[in-house]
There are 2 protein chains.
Amino acid sequence: MKIAVMKFGGTSVADPEKIARAAERAIAARRRGEAVVVVVSAPGEMTDELIALAERVTPTPDERELDQLIATGEQVGIALFALACKARGADAVSLTGPQAGIDAVGGAGRAQIRRIRTRNVLKHLKAGRIVAVAGFQGLAPNGDTATLGRGGSDLTAVALASALKTGRCEIFSDVKGVYTADPRIVHDARKLKKISFEEMLELAGAGAQVMQARSMEVAERFGVELHVRSAFHNQSGTRVVAQEGSMLEKAFVSSLALDKSEVRLTIVGVPDQPGVAATVLSALAADGIPVDMIIQSAASQSGVNDMSFMTPKNFAVKAKKSLEAAARRLRAERVDLNDQVAKVSAVGTGFRHSPRIAATMFEALAQSKINIHMISGSDLRVSCVVDLKDGESALRAVHKAYGLARGRR
Amino acid sequence: MKIAVMKFGGTSVADPEKIARAAERAIAARRRGEAVVVVVSAPGEMTDELIALAERVTPTPDERELDQLIATGEQVGIALFALACKARGADAVSLTGPQAGIDAVGGAGRAQIRRIRTRNVLKHLKAGRIVAVAGFQGLAPNGDTATLGRGGSDLTAVALASALKTGRCEIFSDVKGVYTADPRIVHDARKLKKISFEEMLELAGAGAQVMQARSMEVAERFGVELHVRSAFHNQSGTRVVAQEGSMLEKAFVSSLALDKSEVRLTIVGVPDQPGVAATVLSALAADGIPVDMIIQSAASQSGVNDMSFMTPKNFAVKAKKSLEAAARRLRAERVDLNDQVAKVSAVGTGFRHSPRIAATMFEALAQSKINIHMISGSDLRVSCVVDLKDGESALRAVHKAYGLARGRR
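Each value, and the rule that gives it
Residues numbered from 1 in each chain as written. Chains lettered and ligands numbered in written order. Predicted model: local features only at pLDDT ≥ 70, side-chain atom pairs only at ≥ 80, totals over all residues. Least-squares fit on C-alpha atoms with pLDDT ≥ 70 in both. Contact = placed C-beta atoms within 7 Å. Buried ≥ 20, exposed ≤ 12 C-beta atoms within 10 Å, placed from the backbone. Helix = DSSP H or I, 4+ residues; strand = E, 2+ residues; numbered from the N terminus. Arc of directions from axis to C-beta. Pairing = 2+ DSSP bridges. Axes fitted to C-alpha atoms, helices over the stretch in contact; angles between N-to-C directions. Left-handed = near helix turned anticlockwise from the far one by under 90°. Nonpolar A, V, L, I, M, F, W, Y, C, P; charged D, E, K, R; others polar. Expected span 1.5 Å × (residues − 1).

Trainee: Lay out the relation of the copies chain A and chain B with the relevant residues and their values.
Mentor: Of the transformation placing chain A onto chain B, the axial shift is 0.1 Å and the rotation is 179 degrees, giving an RMSD of 0.1 Å. Viewed as a symmetry operation, the transformation between the two copies matches a two-fold axis. Across chain A, the smallest distance between a C-alpha and the rotation axis is recorded for Thr72(A), namely 2.6 Å. Both copies share a contact surface, since 96% of the interface residues of chain A are interface residues in chain B too.

Have a look at this one:
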């Protein structure tokens, strides 16, 4: 039995017409002789609407009950999907995460898939049914339905592909694939035929909203090739594959990302003494605040220095409070917050051995007279923080400088 | 442990403000020292909205998938209810039908509760939590979530009260209790302090939309006293109790019902021969069409007669088709459908021994110059079908004739 695993995101099942198109895609695969498992997200904005409803009941909803609530979104998605298949003469059945044998561990809202008992899914597949599985949820050991955290439907699809040993998984959404840069901003951006898991992970870290990092890590570890493609067009998308040997040898830029969702926090006038960075970062870690691009300025003659980092906007208030407490303990001068910043990143391979790649980015920004606030880099990524107003022109300038519109991948 | 079972209907949890009021009622009982189980319906019109959504996907939704879909309504209700309790400092937990140990048998959309494994509910009650249970659903033997049919949340509440041996159950809705007639039509209608299960069953059969018949049958059988009351007012409602011996001895009218949801179907010119009524009724039964008030006219000299009955509006088309097929087989003349009719019923006790009760109704209608199309009666009910336009004035005339505004119950 050849099994196809398809995942449809919220925008791909946002209304009955879109659900019909997604169902037709599943039915076409079934008619080609494949057994079909479809992972379905909550239609459209339903998850956000349910959260808004909970917040009208209480500003601080309990996580277990929030899970019980928002798990209904995917349940609506799978039932409508199965109905659409049956209305077109294809046998189908919808299964919630618990019904599909997806066992989860860890707390509400951030559970992890522990294992998948595939018996029930396989039973329905063998009976010729298209099986629509609710993404983003699993059965907790205490019988609760736990959600896997935002974006977790990708993870459900990848984990099912792994458990069912399909070797591949199609991720349908409203984007046609992975581009060299956001085509809404860079008009000659090019769709990539393939990209490595490592690059996709870096892109996710750089703020590109293609796929959730955890699901790519799982796909890579279990050898599940992904095909990121549009639910509304028939052409191929981008294949996410394991890094090939030949790829490792040369340095190149695959894709750019622009992230406007972060703020910059700076703790100013920190005494230059051992352990300061650790104190600051431990305080932030204890409060669960994600940080990126930690930059510590060189100590000035006055014996104090500054420390800056980026954090998502929705953590800004919490991060500032946490940092101000640390600043008092360290006798630092003050904490500054700048929310008018954007991060431009180039993602690729072999950057370490090719300083030309980072240099090209800096030159492109300099020629466009764009100030660079912060820089960080690794073998797979180089990022510059610029003023928010310069973000889009920076992305276009860098895309042009790398010649990405005429690349070969 | 003294356990209170409360059921809140859809209108009682239609928005966050109403959910808050319902939660406060549960918390008040908890603070009085009772263990509290709350059965919650889907908020507001959610069930109907989900059905409409399914019908946009396919005009004939599969029942199993429709169950998977509409079960989410109650799941939203319980999660919001538990959140509202926790926001007010009371510990609470929401349980779906399957999580609450409610085992169901029978097909999707019309399942019956087979038994309730109360272990999980009792565990949470013993821990001091308010337990919000999703009404209208249970776990089918194959692992599906099956719904109990419309109005099934009442049944969930009654079955839980029975399984938990509470002896009573409060049914909160947007009505203040059971009235001598619909107070929106009859302005001096009076709220009854108590009524028997038998009378409530007859009222449900007569089209009064107070409570679903099945849940009253179960309540009566398992000795669960019901208290039908308003979610928005503090005064007592109507207690539904077992018939008392003293009640059986005298004849009286408790309450009136007006049903505008039915149509009259007549099969005209049926040859007067044995087995005709059986043929017609078997055909209707085979097609699952509910019938009420079957009236066969006396055979005329021509050797043919007419047969009329009432059926709910939403079965009208199906019933007419079924009846026309039967008419062809029986060589009957034609089938007439009249959707401009209303049924006025008086419900009470001891009618058989007191023909005065039926006579009073006919006289009241005659004095108001209202034509009577059909009549039927039993020991507990007398019903007249009148023109739809006369329905409300008929109800007022009969209410006055029985003197119900100044009754003693």
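Trainee: With reference to specific residues and values, describe helix α4 (residues 119–126) of chain A.
Mentor: Residue and element names in this part refer to chain A. All buried positions along α4 are accounted for by Val121, His124 and Leu125. Taken around the axis of α4, the buried residues stretch over an arc of 105 degrees, which confines them to a single face. Those residues of α4 that are exposed and angled more than 90 degrees off the buried face are Arg119, Lys123 and Lys126. Phi turns positive one or two residues past the end of α4, at Gly128, with a value near 90 degrees.

Trainee: Please set out the sheet that holds strand β6 (residues 130–134) of chain B residue by residue, giving values where relevant.
Mentor: All names here are of chain B. Pairing is mixed across the open sheet formed by 8 strands, whose spatial order is β3-β6-β2-β1-β9-β11-β12-β10. Here the strands that pair on one side only, and so sit at the sheet edges, are β3 (92–95) and β10 (194–196). Looking at each pair of strands side by side, their axes are set apart by 20 degrees on average, direction ignored. Bridging between strand β1 (residues 3–8) and strand β9 (residues 168–173) involves 3 bridges; their strand directions are parallel. Among the inter-strand pairings, Phe8 is bridged to a residue of β9, identified as Phe172.

Trainee: Which residues make up the environment of Ala394(A), and what values go with them?
Mentor: All names here are of chain A. With respect to the element layout, Ala394 can be found in helix α12 (residues 391–401). A tally of 25 C-beta atoms within 10 Å means that Ala394 is categorised as buried. Between the alpha carbons of Ala394 and Gly223 there is a distance of 36 Å; along the sequence they are 171 residues apart. Non-local contacts of Ala394, meaning those with residues more than four positions away in its chain, are made with Val344, Leu365, Ser368, Ile370 and Val386.

Trainee: Describe the sheet that holds strand β17 (residues 334–338) of chain B, naming the residues involved and giving the relevant values.
Mentor: Residue and element names in this part refer to chain B. Read from one edge of the open sheet, 4 strands run β15-β16-β14-β17, paired in antiparallel fashion. Since the sheet does not close on itself, it has two edges, and those belong to β15 (292–296) and β17, each with one partner. Neighbouring strand axes in the sheet, compared pairwise and without regard to direction, differ in orientation by 15 degrees on average. Judged from the 3 bridges that link them, β15 and strand β16 (residues 304–312) form a sheet pairing that is antiparallel. Its bridge partner lying in β16, Ile295 is registered against Ser308. Taken strand by strand, helix α9 (residues 276–286) contacts β14 (262–271), β15 and β16, and its axis lies near 140 degrees from that of β14.

Trainee: Outline the packing of helix α9 (residues 276–286) of chain A against helix α10 (residues 316–330) of chain A, supporting the account with residue identities and numerical values.
Mentor: Each packed pair of helices is defined by two parameters, the angle between the axes and the distance between the axes. All names here are of chain A. Across the interface, α9 lies against α10 with an axial gap of 9 Å and an inter-helix angle of 145 degrees. As for the relative orientation of α9 and α10, their crossing is right-handed in sense. Here Val276, Thr279, Val280, Ala283 and Leu284 of α9 come into contact with α10, specifically with Ala319, Ser322, Ala325, Ala326 and Leu330. Classifying every residue of the contact of α9 with α10 gives 8 nonpolar, 2 polar and no charged.

Trainee: Which residues make up the pairing of strand β14 (residues 262–271) of chain A, and what values do they have?
Mentor: Residues and elements named next belong to chain A. Direction of pairing for β14 relative to strand β16 (residues 304–312): antiparallel, over a ladder of 8 bridges. Directly across from Val270, in β16, lies its bridge partner Asn305. Note: β14 against strand β17 (residues 334–338), 5 bridges, orientation antiparallel. By the bridge assignment for β17, Leu265 is matched with Leu337.

Trainee: Quick one: what's the story with the interface of chain A and chain B, residue by residue and with numbers?
Mentor: Taken together, the 26 residues of chain A in the interface contact 25 residues of chain B. Only α1 (16–31), α2 (46–57) and α3 (63–87) of chain A provide two or more residues apiece to the side of chain A that touches chain B. The greatest single-element share of the side of chain A that touches chain B, amounting to 14 residues, is contributed by α3(A). In terms of residue class, the side of chain A that touches chain B is built from 15 nonpolar, 7 polar and 4 charged.

Trainee: Tell me about the environment of Arg221(A), and name the residues and values.
Mentor: All names here are of chain A. For Arg221, the position within the fold is in helix α7 (residues 213–221). Judged by the 11 C-beta atoms lying within 10 Å of it, Arg221 is exposed. Here the alpha-carbon distance between Arg221 and Phe197, two residues 24 residues apart in the chain, equals 9.8 Å.

Trainee: If you had to explain unusual backbone geometry to someone new, which residues and values would you point to?
Mentor: Positive phi outside glycine occurs at Arg331(A), with the angle close to 55 degrees. In this structure Arg331(A) comes out as exposed when scored by C-beta crowding, with 10 C-beta atoms within 10 Å. With phi around 55 degrees, Lys165(B) is a residue other than glycine that occupies positive phi space. For Lys165(B), the position within the fold is in the loop between α5 (152–163) and β9.

Trainee: Give a detailed account of the pairing of strand β19 (residues 374–377) of chain B, specifying residues and quantitative values.
Mentor: Residues and elements named next belong to chain B. Bridge count between β19 and strand β20 (residues 381–387): 4 bridges; the pairing is antiparallel. Looking at β20, one finds that Met374 is bridged to Val385. Between β19 and β20, which follow one another and run antiparallel, lie 3 residues.

Trainee: A description of the environment of Val186(A) should follow, citing residues and the corresponding values.
Mentor: All names here are of chain A. Mapped onto the elements, Val186 comes out in the loop between β9 (168–173) and β10 (194–196). For Val186, a count of 22 C-beta atoms within 10 Å puts it in the buried group. In the structure, Val186 is positioned 23 residues away from Ala163 in sequence and 39 Å away in space, judged by C-alpha atoms. In this view, Val186 contacts Ala181, Leu395, Arg396 and His399; residues no more than four positions away in its chain are not counted.

Trainee: For helix α11 (residues 355–367) of chain A, give the residues involved together with the corresponding values.
Mentor: Residue and element names in this part refer to chain A. Counted at 1.5 Å a residue, the expected span for α11 with its 13 residues is 18 Å, and the 18 Å between its end C-alpha atoms agrees. Where α11 is concerned, the buried positions are Ile357, Met361, Ala364 and Leu365. All buried residues of α11 fall inside an arc of 95 degrees around its axis, so they share one side. Residues of α11 that are exposed and point more than 90 degrees away from the buried face comprise Pro355, Arg356, Ala359, Ala366 and Gln367.

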